[in-house]
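# Secondary and tertiary structure notes
Next come the chains, spelled out residue by residue.
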2 protein chains.
Amino acid sequence: MIGYLGPKSSFTYQATTSLFPNDAIQAFHSIPLCLESLANGEIESAIVPIENSLEGSVHTSMDYLFKSQGLTVTKEIILPIKQQLMGTATTPAMILSHPQALAQSQHFLTTHYPHVTLKETPSTTYAAEYVATHPNEALLAIASKEAAEAFALPIIAKDIQDNDQNQTRFWLIQKESITLKNTEPAQKLTLFVTLPQNQAGALHQILAVFAWRNIDLTKIESRPLKTSLGQYYFVIDIVVEQKEWVHYALEEIKLLGATIKPFGPYSILKATETL
Amino acid sequence: MIGYLGPKSSFTYQATTSLFPNDAIQAFHSIPLCLESLANGEIESAIVPIENSLEGSVHTSMDYLFKSQGLTVTKEIILPIKQQLMGTATTPAMILSHPQALAQSQHFLTTHYPHVTLKETPSTTYAAEYVATHPNEALLAIASKEAAEAFALPIIAKDIQDNDQNQTRFWLIQKESITLKNTEPAQKLTLFVTLPQNQAGALHQILAVFAWRNIDLTKIESRPLKTSLGQYYFVIDIVVEQKEWVHYALEEIKLLGATIKPFGPYSILKATETL
């Protein structure tokens with residue numbers, strides 16, 4: 001059974017079905033519930049969002065994985081995110097959607113609906129469902145094509161997200177002990193690094209380990225350790241081209257006194273919309 | 001007039017009154033509205049939250065300042081954040097608060113109120129006000145001591161935040177052209193850095209510029225440039241001890257082809273709760 005951040009018709013659902021079109025899947029209400037279910041052995045795999053190109057990292061996923069034990073990432077799925085305005089109201093009193101979808105459609109909304117109240121919902125699917133089940137209230141929803149189809153709502157403005165490059169990264173997460181065989185070549189490795197002291201010099205030394213070996217970093221981000229201000233852990237994504245170089249780089253970073261929690265290596269799938 | 005992220009009794013209000021106990025202040029509904037009002041010259045100073053030790057950076061503030069023109073930071077205020085559970089309901093049906101306050105009190109809530117519904121409100125003050133004005137609904141709120149006092153709600157559990165080191169950084173933001181004289185010595189400088197190419201090597205070179213000069217970094221964080229995945233700008237906080245060294249470091253970083261937007265230098269005030 002494959003768990004995913006629900007509800008059905010969500011973007012995570014799209015990422016999940018593009019990777020597993022024929023498998024049994026189960027929706028979870030939240031990222032921690034989904035990952036806990038995986039850790040407890042109730043499901044074999046979990047798919048959760050990791051990062052959006054407009055909104056940045058999904059901190060709930062990052063912070064949970066940083067603290068987790070025995071989980072790893074075997075595949076990354078990159079999905080283009082396209083938002084649709086749907087409903088039948090011609091002069092809407094309110095537009096409903098998830099805060100991220102509202103943020104992603106900000107330019108369209110301020111141009112075309114500057115005076116309409118925006119209401120935040122727990123998910124884009126919830127917004128579509130609410131609009132479909134309350135036809136007498138003058139409402140519109142912002143959600144996926146999939147949701148428009150599922151709730152039989154006409155799309156009145158197509159692809160309204162601010163940026164054509166709007167994409168989200170999802171991770172397929174499994175237990176280290178029972179990882180499915182991945183026959184594709186690994187492309188990336190994500191490291192959660194805690195420095196010996198949270199100092200400028202230490203981070204510089206760690207980046208030097210990668211730089212002189214020409215190992216490409218595609219991301220570096222600090223997240224609070226949740227102790228006091230100024231204490232961070234780092235999320236570093238590296239491109240895996242020559243495994244031996246990466247092996248020695250990680251060994252040297254440990255010698256510098258840093259703690260490394262590696263996720264992956266994983267391959268990358270560029271998914272397309274399923275509709 | 002000094003603008004701040006309201007409403008009255010919010011933690012930003014506490015930071016504001018600890019710095020300006022006797023000045024005229026004005027609450028704003030959102031961080032962008034407050035900073036726009038400053039940019040338009042309607043207020044002289046603005047105080048907004050920048051980073052919490054548990055939840056990380058306040059992205060709305062960061063992203064607005066990254067894109068802003070002519071604004072700078074003259075002072076940082078660090079406020080301890082203590083959350084209080086308040087109300088008169090003995091068997092509450094619901095506990096109301098801002099999402100960050102609910103997140104900060106997660107351990108207390110799962111221990112003492114595992115089955116009570118949590119409801120998100122636009123601010124902690126809103127939660128306290130709602131509970132005070134709906135005495136017949138079995139509700140409790142999580143908010144500041146200040147809010148308990150303002151709405152005459154009894155505190156039934158004190159300092160329920162998960163971590164004693166829970167602190168928030170606030171910035172006093174002013175126009176570069178009419179910055180108030182700051183007679184205190186500058187302590188920190190925040191740099192918004194865009195790299196020539198978003199590459200491992202470039203970031204490493206920039207950190208090298210600070211490392212060999214023994215300039216301490218207290219924070220480094222990447223934020224999406226909102227173009228496509230993998231494109232970031234960096235927020236780097238440095239400790240200003242010797243101005244000349246910092247001057248040459250910044251000049252060299254520009255030579256490397258990076259774009260720097262400096263905020264500050266600013267001094268730091270450790271505020272205490274006002275009650």
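A short tour of the structure in this document, coming up. These figures come from a predicted structure and were not determined experimentally. (Residues numbered from 1 in each chain as written. Chains lettered and ligands numbered in written order. Predicted model: local features only at pLDDT ≥ 70, side-chain atom pairs only at ≥ 80, totals over all residues. Heavy atoms only, no water.)

### Some points on the sheet that holds strand β8 (residues 117-120) of chain B
Residue and element names in this part refer to chain B. Using the following cut-off: In short, DSSP must find at least two bridges between two strands for them to pair. Labels follow the DSSP assignment, with helices taken as runs of H or I lasting at least four residues and strands as runs of E lasting at least two, numbered in each case from the N terminus. Throughout, an axis means a line fitted to C-alpha atoms (over the contacting stretch in the case of helices), and angles, computed between N-to-C directions, take values from 0 to 180 degrees.
Strand order in the open sheet formed by five strands is β8-β7-β9-β6-β10, with mixed pairing between adjacent strands. The sheet terminates laterally at β8 and β10 (155-157), the two strands that pair on one side only. Adjacent strand axes in the sheet meet at a mean angle of 35° when their direction is disregarded. Alignment of strand β6 (residues 84-86) against β10, held across two bridges, turns out to be antiparallel. Bridge assignment links methionine 86 to a residue of β10, and that residue is isoleucine 155.

### A look at the pairing of strand β3 (residues 45-52) of chain B
Regular strands place side chains that alternate from one sheet face to the opposite one. All names here are of chain B. Which entries qualify depends on this criterion: Buried residues are those whose accessible area, probed at 1.4 Å on protein chains only, stays under 20% of the maximum for their type, while exposed residues exceed 50% and partly exposed ones sit between those limits.
Counting buried residues along β3, eight of its eight residues qualify, which places the element largely inside the surrounding structure. Where β3 meets strand β11 (residues 167-175), seven bridges bridge the pair, whose relative direction is antiparallel. By the bridge assignment for β11, asparagine 52 is matched with threonine 168. In the sheet, β3 pairs with strand β4 (residues 56-57) via two bridges, with the strands oriented antiparallel. Opposite asparagine 52, over in β4, you have glycine 56 as the bridge partner. A loop of three residues connects β3 with β4, the two strands running antiparallel in sequence.

### Structural notes on the interface of chain B and chain A
As a reminder, the rule being used: Between two residues, a contact is recorded if the distance between any of their heavy atoms is within 4.5 Å. Two parts placed together each lose some accessible area under a 1.4 Å probe, and adding up what both lose gives the buried area. A side-chain nitrogen of Lys or Arg and a carboxyl oxygen of Asp or Glu constitute a salt bridge if their distance falls within 4 Å. Polar contact criterion, stated in full: a pair of N or O atoms within 3.5 Å, where within protein one must be able to donate a hydrogen and the other to accept it, and residues adjacent in sequence count only if both atoms are side-chain atoms. As a working rule, the residues Ala, Val, Leu, Ile, Met, Phe, Trp, Tyr, Cys and Pro are called nonpolar, Asp, Glu, Lys and Arg charged, and the rest polar, with Gly in that last group.
Across the boundary between the two partners, chain B contributes 36 residues, which contact 36 residues of chain A. Roughly 2,900 Å² of surface becomes buried between chain B and chain A when both sides are summed, with 59% attributable to carbon and sulfur atoms. At the boundary of chain B and chain A, one finds zero salt bridges. Across the chain B-chain A interface, the total number found is five residue pairs in polar contact (both at pLDDT 80 or more). Of all elements in the fold, only β3, β11, α8 (200-211), β13 (217-224) and β14 (232-239) of chain B reach the threshold of two or more residues within the side of chain B that touches chain A. A per-element tally of the side of chain B that touches chain A places β13 of chain B first, with eight residues. Here the side of chain B that touches chain A is composed, by residue class, of 14 nonpolar, 14 polar and eight charged.

### A look at the environment of arginine 169 of chain B
All names here are of chain B. Inspection of the secondary structure puts arginine 169 in strand β11. Sequence separation of arginine 169 and alanine 150 is 19 residues, and the distance between their C-alpha atoms is 24 Å. Reaching out from arginine 169, the side chain makes a polar contact with the side chain of glutamate 51 at a distance of 2.7 Å.

### Some points on the packing of helix α2 (residues 31-39) of chain A against helix α3 (residues 59-67) of chain A
Residue and element names in this part refer to chain A. Where we set the bar: Orientation is classified from the angle alone, with under 35 degrees giving roughly parallel, over 145 giving roughly antiparallel, 65 to 115 giving roughly perpendicular, and any other angle giving oblique. Should the near helix be turned anticlockwise from the far one by less than a right angle, the crossing is left-handed, and should it be turned clockwise, the crossing is right-handed.
Interhelical geometry of α2 versus α3 gives an angle of 30° and a closest axis separation of 9 Å. Relative to α3, the element α2 is oriented roughly parallel. In this structure, α2 crosses over α3, and the sense of that crossing is right-handed. Packed against α2, whose contacting residues are Ile31, Pro32, Leu35 and Glu36, the element α3 presents Thr60, Ser61, Tyr64 and Leu65 at the interface. Of the residues belonging to the contact of α2 with α3, the class tally is five nonpolar, two polar and one charged.

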